[in-house]
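Structural overview
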Amino acid sequence: MLALASTTITVYRGTTTDAWGDEADTDTPVLTGVVASITEQSRRVTTRDDPTPRIVRYAVGRVTAGTDISDQDRIRDERTGAVYIVEAVSSMSSPVVAADLRLDLRRTT
């Protein structure tokens, strides 16, 4: 991993149907102890419709290239216990080294 690791994570995947027929996430771990970097940041944003500035918080994670992680997986930060949903997975191409996977995260707890 090229980024400075700050934690380890557990990756959860899968859904089930509850007693009422609604889809619910399962807590089935796919990977555990994955070395990762998670940073939470904030940004001041405005829109044309509403020029009042708002503060938006978001999180970005990085894991080693080739890690089995995909959109809509959930990850749990093993250091803090925070749970995030993976909204997007991307990677920069490099002819020299396998670049880390970038995870756009949304915190759920």
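Just so you know, the residues in each chain are numbered from 1, in the order the chain's sequence is written. The predicted nature of this model means local features are confined to residues of pLDDT at least 70 and side-chain atom pairs, given and counted, to a pLDDT of 80 or more, with totals for whole chains, interfaces and linings taken over all residues. As a convention, hydrogens and water are excluded, and side-chain values are obtained from all of the structure's heavy atoms.

Next up on the list: the sheet that holds strand E6 (residues 74-77). Read around the closed barrel, 6 strands run E1-E4-E5-E8-E7-E6, paired in antiparallel fashion. Across the sheet, the mean angle from the axis of one strand to that of its neighbour is 45°, orientation sign disregarded. Any two strands with at least two DSSP bridges between them are considered paired. The helix and strand labels rest on DSSP assignments: H or I over at least four residues marks a helix, E over at least two residues marks a strand, and numbering proceeds from the N terminus. In the sheet, strand E4 (residues 29-45) pairs with strand E5 (residues 54-63) via 10 bridges, with the strands oriented antiparallel. Bridge pairing links Arg44 to Ile55 in E5. Axis geometry follows a simple rule: fit a line to the C-alpha atoms, using only the stretch in contact for helices, then measure angles between N-to-C directions, giving values from 0 to 180 degrees.

As for its placement among the helices and strands, Ser37 is situated in strand E4. Any residue under 20% of the maximum accessible area for its type is buried, any over 50% is exposed, and the rest in between are partly exposed; the area is computed with a 1.4 Å probe on protein chains only. For Ser37, a relative accessible area of 10% translates into the label buried. When the C-alpha positions of Ser37 and Arg48 are compared, they lie 34 Å apart, and in sequence the two are 11 residues distant. Sequence-distant contacts of Ser37, that is, excluding residues within four places in its chain, are made with Met1, Ala3, Leu4, Ala5, Ser6, Val60, Gly61 and Arg62. At 3.4 Å, the side chain of Ser37 forms a polar contact with the backbone oxygen of Leu4. Any pair of residues with heavy atoms lying within 4.5 Å of one another is described as a contacting pair. In the analysis that follows, any N or O atom pair within 3.5 Å is treated as a polar contact, provided that within protein one partner can donate a hydrogen and the other can accept it, and provided that, for residues neighboring in sequence, both atoms belong to side chains.

Here we come to the pattern of salt bridges. Counted as salt bridges are all cases of a side-chain nitrogen of Lys or Arg within 4 Å of a carboxyl oxygen of Asp or Glu. Overall, the coordinates contain 7 salt bridges when judged by the stated rule. Between Asp25 and Arg74 there is a salt bridge, and its shortest N-O distance comes to 3.6 Å. In this pair, Asp25 sits in strand E3 (residues 23-25) while Arg74 sits in strand E6, placing the two residues 49 residues apart along the sequence. Residue classification places Asp25 among the partly exposed residues on the basis of a relative accessible area of 48%. Arg74 sits in the buried class, given a relative accessible area of 8%. Taking the shortest distance from any N to any O, the salt bridge between Glu87 and Arg106 comes out at 3.0 Å. One end of the pair, Glu87, is in strand E7 (residues 83-91); the other, Arg106, is in strand E8 (residues 101-107), and 19 residues separate them in sequence. On the basis of relative accessibility, which here comes to 43%, the residue Arg106 falls in the partly exposed class. Among the ionic contacts, a cluster of salt bridges with common partners joins Arg13, Asp68 and Asp73.

The next thing to look at is the side chain of Thr67. Here Thr67 lies in the loop between E5 and E6. Side-chain polar atoms of Thr67 contact the backbone oxygen of Thr64, separated by 2.6 Å. Not counting residues up to four positions away in its chain, the partners in contact with Thr67 are Leu31, Val34 and Leu101.

Function-wise, these values are silent; they only describe arrangement.
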